[in-house]
Amino acid sequence: MIKYAILGFGTVGRGVAEVMAGQKEKLAAAAGEALELGYILVRRDMPDSPWKDRMVRDFSVIERDPDVAVVAEVIGGVGAAYDYSRRAILAGKSVVSSNKELVATHGLELAALAKEHGVSYLFEGSVGGGIPLLRPLCRCLAANRIDEVYGILNGTTNYILTAMDEKGQDFAQALRKAQELGYAEADPTADVEGIDACRKTAILADLSFGHNLDPADIPTTGITTVAAVDLELARTLGYTVKLLGRAKRTENGCLAFVQPHLVPLSHNLASVNGVMNACAIRGSAVGEVVLCGPGAGSHPTASAVSADIADAVRHRADPVVPDMGAPGGTVAAESALVSPWYVRADAAPEAVEALFSGVKPVYSTTGECGFITGPMDRLAAEKLLAGLDGRALWRVLA
Ligand code: HSE
């Protein structure tokens, strides 16, 4: 019997306790031995919880128990989560995590520490929630040079954009509904400003291209400036709007960015709606693989965390630590990437034709003009736009 501990008992922590209990035998078979929930680290007493006898408030109780082999860190943030993860590794315990902020900012250091101390450090649940994504990327696609990873990496923003598209809601209405349904936090900044997707993009890039990126270096634009009229114009043009995190191998290093994109309605990602996530991986041998599923939520994320716990136990004698890339990776200039662009402007058809010959604009019910340019880099698109009253300029996924 091997003990594990859960650090944090919010939505994900509770889900891990429930999923581990619900699939006890299957997970024991996966781990190679029986697993027992030893402790749950909480900040306040929960006398009504069925797990109240496992709850502790002092991390050192877990740290000092030699029978605890794995610690699941589902606290979030980089304060206590970072401190406890380090201390657990130093105490010879494997750490599994769904905390994308911690993995994106300190994953390299924690992975090195885990290697040094002969324990596993696993974080499948940190990107794509319940979607099996990081193992397929690192293990099943090991025979590929990864050329690009891109996808819908945030459920809250995808819910909002879907509601704007399907129900004609404006951003504020859709955000309020997302908050009512419990998808968006009371402070939705990290989701709607693209920060959460940026952290996940950094992790995907680290695992794909051999360089460890600082999320602060990844240009990030959220969805707060997406207007209902953009969804209307996009649909008329044959597209929908999605917030994409993209990381791409280029001659000048790794290119990574997060931006709203127009996605053709015929593309796999266009039908990924609501809180679902999807990630496309382009590999040199396999071509393009798309993995899709629930990107957030209690049991979906717990599905990934619980499997990591079992894997860490299974590999106690042969620890698993993903390669987070070499330190100091630089991000290539986003502006140099050539793509078609979506433009929303207050312009007559002749004005558009004069600047972009052969381009046919469409008009919204409110009279705003939208059109798609030919392929060009950002500076060229912005220069050509200077003559129009441009209001939105986003890349088109080609
Ligand atoms: N806030 C995140 C989302 C949770 O909406 O996708 C999962 O990382």
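About the criteria used
Residues numbered from 1 in each chain as written. Predicted model: local features only at pLDDT ≥ 70, side-chain atom pairs only at ≥ 80, totals over all residues. Heavy atoms only, no water. Helix = DSSP H or I, 4+ residues; strand = E, 2+ residues; numbered from the N terminus. Expected span 1.5 Å × (residues − 1). Buried < 20%, exposed > 50% of the residue type's maximum accessible area, 1.4 Å probe, protein only. Near = heavy atom within 4 Å. Polar contact = N/O pair within 3.5 Å; in protein donor to acceptor, adjacent residues only side chain to side chain. Areas by Shrake-Rupley, 256 points an atom, 1.4 Å probe, with all protein chains shown as cover. 1 Å grid on protein atoms, 1.4 Å probe; cavity = no way out; pocket = protein on both sides within 12 Å on 5 of 7 lines; lining within 4 Å. Sits in = over half its atoms within 2 Å of the grid points. Nonpolar A, V, L, I, M, F, W, Y, C, P; charged D, E, K, R; others polar. Domains from an automatic or database assignment.

A. Seen up close, helix α12 (residues 298-314). The end-to-end C-alpha distance of α12 is 24 Å, a good match for the 24 Å that 17 residues give at a rise of 1.5 Å each. Among all positions in α12, only Thr 301, Ala 302, Ala 304, Val 305, Ser 306, Asp 308, Ile 309, Ala 310, Asp 311, Ala 312 and Val 313 are buried.

B. A look at the site of the ligand. Around the ligand, a shell composed of Lys 100, Asn 154, Gly 155, Thr 156, Asp 191, Asp 196, Lys 200, Gly 295 and Ala 296 is seen. Within the backbone of Gly 155, one N or O atom sits 2.7 Å away from an oxygen atom of the ligand. Between an oxygen atom of the ligand and a side-chain N or O atom of Thr 156, the distance comes to 2.6 Å. Burial of the ligand by the surrounding chains reaches 84%, relative to a free accessible area of 250 Å². Mapping the ligand onto the cavity grids shows that it belongs to the largest pocket. The class makeup of the residues in the shell around the ligand is one nonpolar, four polar and four charged.

C. The arrangement of the domain arrangement of the protein in detail. Along its sequence, the protein is organised into domain 1 (2-130 + 298-314), domain 2 (143-293) and domain 3 (338-396). Averaged C-alpha coordinates put domain 1 and domain 3 at centres separated by 49 Å.

D. A look at the environment of Pro 349. Its location among the elements puts Pro 349 in helix α13 (residues 349-355). On the accessibility criterion, Pro 349 (36% relative accessible area) is partly exposed. Sequence separation of Pro 349 and Glu 185 is 164 residues, and the distance between their C-alpha atoms is 42 Å.

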